[in-house]
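The chain contents come next:
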Amino acid sequence: MAPRNTAEADLTGLRGDLAGDALAPADAGYDEARKVFNGMIDRHPAVIAQCESSTDVAHAVRFARAHNLEIAVRGGGHSVAGTSLSEGGLVVDLRRMNTVTVDPASRAARVGGGATMSDLDRATQPFALATTGGRVSTTGVGGFTLGGGSGWLERKFGLACDNLLGAELVTADGETVRASVDENPELFWALHGGGGNFGVATSLTLELHELPAMSVVLLLHPLEDGRRVVETFRDVMDSAPDETGGGCLYLTAPPEDFVPEHLVGSLVCATLITFAGPEDRARAMAAPLLALRHEAEVIAELPYADLQCMLDDPPGMRNYWSAEYLDSFPDEAVDAFCARASDIPMPSATQHVLFPMGGAVARDTNGYPLPWRSAPWAVHPFGVWESPSDDARATQWVRDVRADMRPWSGGTVYLNFIGNEGSDRVVEGVGAENYARLAAVKTQYDPANVFHLNHNIQPAAQV
Ligand code: FAD
């Protein structure tokens, strides 16, 4: 689909149709509106349709198709590959559709398609209710959930998509469809990992759970103790109850109050235990880690919504990430993981992360297209740096981590944790059998592959 420029696209009609706005490159606010989280992405859409309702979304989709404009769908703008921006095309910008309505009686939240994790968590917190969310507050609920949705609460409550009760979508024809267990169940199945392939989700309904207390133990250990720290973290998590989440990571110590001055700016090994329960139980869980040498600690019981923004980083840095999902994490894998920490490109905000899986994540009974969920461990090299001159070295480091961990990889991957790594990786992300089933759903709802700026499932006829 060849993009056309704004001059060619008659915006007056669209502006008249929308309750929201339609920005062209010459308009005030356009440059701000085209920024996404990853500072490496610098694209210039012909139109940014700032939608306020599903009717607006339908108008925007129809307009783009009538003018042959490539469509990108934007929620939180966190896709590392920048799939929420199209060069010369039309962006369906959902950010104004961020209302969250909580029904404490049925323990459900209806979430606008452009809401962020923060919008969701701040709305559910007053009811002491929560659901699995991403690990930073600025991620979009839409892209996060439709791709799977991995977060601190996943071992207790499952992935975010496991908590999806229903969704309303605008399809490639500009029609509205609903999906749930009872309505369009095959589409509903596809929304559990198939991402934005099938339409624009204008609202999602998510199941909530009681969460009276959330606790955290965060420790910064000396770099040279990394091997022992990672091993101990692995052993703690191997026998941890489902309430426990967290991660073990190498990162640059940030300039925070709890970090001693001499540590700020240097590489450290950190352990984080999150616990869906009171602080004393979190402490007990983390006891073997607390017994290790550490130079900084945060131990607290805190509102879940506060935990969710504890790791927020500002947008605009350069990002490149990938992931490997491991069948096992033996001592040799620990060695490989730790060895690669020594050449993290510095200075940078890069994180070299080990996530424990298991618990409710591994207990899927619905056969959703997320084959990686049975892996007990995930390694997630999260390259974040500032200067374009470091692009080559930082992206190579991420690729090196993948190569190092490959011997233990089960060959599956969570697509939300990677950028554009080609169509074979998309198949690895959903599983070959599931891919064929997803392609059939795609053929039904988007036969022309209008929504292709994503981890693309091609319509069956195009495979
Ligand atoms: P966008 O860039 O706006 O959208 C990405 C794609 O999602 C779009 O191209 C579109 O195809 C689709 N999409 C978005 N909204 C909709 C919608 N309403 N309807 C249809 N399609 C839609 N992931 C995790 O699982 N756990 C984490 O802890 C986590 N942490 C992260 C931390 C950071 C700092 C960042 C940048 C990302 C993180 N992610 C995490 C990855 C994140 O889940 C994915 O990047 C996800 O796609 C982001 O969704 P978004 O709406 O913010 O992104």
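Scroll up to find the structure this text is about.
Residues numbered from 1 in each chain as written. Predicted model: local features only at pLDDT ≥ 70, side-chain atom pairs only at ≥ 80, totals over all residues. Heavy atoms only, no water.

1. Let's talk about the site of the ligand
Around the ligand sit 34 residues in total, of which Gly75, Gly77, Thr83, Ser150 and Tyr414 are the nearest. The side chain of Thr83 places a nitrogen or oxygen atom 2.7 Å from an oxygen atom of the ligand. In the complex, 95% of the free accessible area of the ligand, which totals 950 Å², lies under the protein chains. Of all the secondary-structure elements, those providing two or more residues to the shell around the ligand are strand E3 (71-74), helix H5 (141-147) and strand E10 (200-207). (Near = heavy atom within 4 Å. Polar contact = N/O pair within 3.5 Å; in protein donor to acceptor, adjacent residues only side chain to side chain. Areas by Shrake-Rupley, 256 points an atom, 1.4 Å probe, with all protein chains shown as cover. Helix = DSSP H or I, 4+ residues; strand = E, 2+ residues; numbered from the N terminus.)

2. A word on the pairing of E10
Among the eight residues in E10, six count as buried, and that is most of the element. Pairing of strand E6 (residues 108-112) with E10 involves five bridges; the strand directions are antiparallel. Its bridge partner being in E10, Arg110 is matched across the sheet by Thr205. Across six bridges, strand E8 (residues 164-170) lies against E10 in antiparallel orientation. When the bridges of E10 are listed, Leu164 appears paired with Leu206. (Buried < 20%, exposed > 50% of the residue type's maximum accessible area, 1.4 Å probe, protein only. Pairing = 2+ DSSP bridges.)

3. What about the side chain of Arg234?
Topologically, Arg234 is positioned in helix H8 (residues 226-238). A relative accessible area of 10% means that Arg234 is categorised as buried. At 2.9 Å, the side chain of Arg234 and the side chain of Asp331 are in polar contact. Once you skip the residues sitting within four places of it in the chain, Arg234 turns out to touch Phe329, Pro330, Asp331, Val334 and Trp377. (Contact = heavy atoms within 4.5 Å.)

4. Here's the deal with unusual backbone geometry
A cis amide bond links Met346 with the next residue in sequence, Pro347, at an omega value of -5°. Relative to the helices and strands, Pro347 is located in the loop between helix H12 (331-341) and strand E18 (351-356). At Ala128, a residue that is not glycine, the phi angle is positive and equals roughly 55°. Mapped onto the elements of the fold, Ala128 is located in the loop between helix H4 (117-124) and strand E7 (129-130).

5. Notes on the pairing of strand E9 (residues 176-180)
With five bridges connecting them, E8 and E9 associate as antiparallel partners. For Ala167, the partnering residue across the bridge sits in E9 and is Ala179. Hairpin connection from E8 to E9: five residues lie between these consecutive antiparallel strands, with Gly174 at a positive phi of about 80°.

6. Observations concerning the packing of H12 against helix H13 (residues 391-405)
Between H12 and H13, the shortest axis-to-axis distance is 9 Å and the interhelical angle comes to 170°. When the axis of H12 is compared with that of H13, the two are roughly antiparallel. The residues of H13 that touch H12, namely those facing Ala333, Ala336, Phe337 and Arg340, are Trp397, Asp400, Val401, Asp404 and Met405. When grouped by side-chain class, the residues that make up the contact of H12 with H13 number six nonpolar, no polar and three charged. (Axes fitted to C-alpha atoms, helices over the stretch in contact; angles between N-to-C directions. Parallel < 35°, antiparallel > 145°, perpendicular 65-115°, else oblique. Nonpolar A, V, L, I, M, F, W, Y, C, P; charged D, E, K, R; others polar.)

Shape descriptors only; they carry no functional weight alone.
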